[in-house]
Amino acid sequence: MLQLSFVNFKPNSHILLEGTPASDRFFIIQKGHARTYNETPIPGIQPEVLGPGDFIGVVACMSGHSQTKNVVAIEPVTAIMVMKSQYSELIARNTPVAIKIVKSFARDMRIVNDQLTKLTAKKNLVDSPEEIFQIAKYYEDQRFPDIACYGYYQYIKHCSAGINIELAKKKFTKLKPKSRAVYFEPTNEVVRTYPANTMIMAECQSGGDMFIIQDGSVRITKVVDGKEIILAILKKGDMFGEMALLENKPRSASAIAHTTCQLMVVNKANFNQMVMTQPQMISKLTTTFADRLWSMYRQLSNTLLTDARERLVDMVALQIEKLKTPPVKGEIYNTGISVVDLFKMCAIPLEQQNAAYNQLSMDQNVKLVNSQILVPDVNELIKQAAFYRKQSSKHAKDF
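Visitor: Please set out the overall build of the protein residue by residue, giving values where relevant.
Guide: When its secondary structure is counted, the protein shows 13 helices and 19 strands. Compactness check: the protein gives a C-alpha radius of gyration of 22 Å against a globular reference of 21 Å for 399 residues, within 12% of the reference. Dimensions of the protein, computed from C-alpha atoms along their principal axes, come out at roughly 65 × 50 × 40 Å. Expressed as a percentage of its 399 residues, the buried residues of the protein come to 50%. Taking contacts inside the protein between residues at least 6 apart in sequence as the whole, the part at least 24 apart equals 74%. A gap of 1 Å separates the mean positions of the 48 positive and 38 negative side-chain charges of the protein.

Okay, structure coming up:
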């Protein structure tokens, strides 16, 4: 039987502390208000005032990672305490709670995602279907005709009166006969297979499907000013496309099969059915979203590092931390990340990559073998990355 506890917080008392280890509980405010803030302001992330019905600490609790914000009671606060072990039962009895949490995650992910792109690309972006043509052209120029073919098709579909429509039609007609691109239009298949280096969805494309990776890997990207920025490389068990499903807005990024992959497709109809009948699945979905959001907050912190070597090392640490797999002491850890992918994750300009490679190769926390990144001591790498972030925060406060 579900039994929830009530907790009271005095004015000016900390409910959560940024950076502290993950807790096995989160709170739902029943009465009173609290405010959130970060010790070092993160670009684009504004302090919030939380009130009745809002959640506190759900990202850290469900992801198993450290707290992302400080939360302080403005006035006397009464909150319902929910243990992580109670979450499945809670949402089985009260599905609106699950929907509210998931939608709040989707909203926050879109905000953080947009801010990440602005910081890494150093410009504001416009979500216009006209952008699909530039994405397709970029991949054609980079000799990825299968990705380009899908992109041109989506441009033709979404911009029938676009300024590049005739050129897009010519390019699509030329590429299509030899293309391995698949699923130009949605189907009723629950599981789809995508060959490596084919596009699953294009930035600014409309669509309401969410995907769960059953096998293989997927990279989430944006193309800005003629360069590809990798926002994430997702693996088996990860989900993506949820923002369009939950918010009914255009895709905020492109998804490309990094390797050959199998994806389970979740549309609005079966998502709503899942919410009503499969609380364990929704619990998994909440955990996945929390993991993603935590990772995106960490990426924002990474953008504050001005030294290229420190930023690259911190990004390697982030990729390892996301996996939550305890390192084996004494064993060299293979990240599975190439140097090229790492440069794209950190948006290192092409003209700076040789210098960045030389700096990274001299760092004792990593080893570069055949352009792959190995880590001699994972714990030491993570501690060093935390030191870099702390020093960066201290430097930011001094100014």
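Visitor: So, the nonpolar core: which residues are in play, and what are the values?
Guide: Across soluble globular proteins, nonpolar side chains show a tendency to be buried alongside one another. Counting residues in hydrophobic clusters, the biggest one holds 68 residues, and the most contacted among them are Phe-26, Phe-105 and Leu-342. Phe-26 has contacts with Phe-55, Ile-56, Gly-57, Val-58, Cys-61, Met-62, Ile-80, Met-81, Val-82, Tyr-87 and Ile-101, leaving out every residue within four places of it along the chain. Grouped together as the second largest cluster of nonpolar side chains are 24 residues, Phe-133, Cys-149, Phe-184 and Met-199 included.

Visitor: Could you give an account of the pairing of strand E9 (residues 191-194), with specific residues and numbers?
Guide: Side chains on a regular strand alternate between the two faces of the sheet. Judged by which residues are buried, E9 turns out to be one-sided: Arg-192 and Tyr-194 face inward and are buried, whereas Val-191 and Thr-193, on the alternate face, are not. Taken together, the 4 bridges between E9 and strand E16 (residues 261-266) define a ladder with antiparallel strand orientation. The partner of Thr-193 across the bridge, within E16, is Gln-262.

Thresholds, definitions, all that
Residues numbered from 1 in each chain as written. Predicted model: local features only at pLDDT ≥ 70, side-chain atom pairs only at ≥ 80, totals over all residues. Heavy atoms only, no water. Helix = DSSP H or I, 4+ residues; strand = E, 2+ residues; numbered from the N terminus. Rg over C-alpha atoms; globule rule 2.2 N^0.38 Å. Buried < 20%, exposed > 50% of the residue type's maximum accessible area, 1.4 Å probe, protein only. Contact = heavy atoms within 4.5 Å. Lys, Arg positive; Asp, Glu negative; His and termini not counted. Charge placed at Lys NZ, Arg CZ, Asp CG, Glu CD. Core = buried A, V, L, I, M, F, W, Y, C linked by side-chain atoms within 4.5 Å. Pairing = 2+ DSSP bridges.

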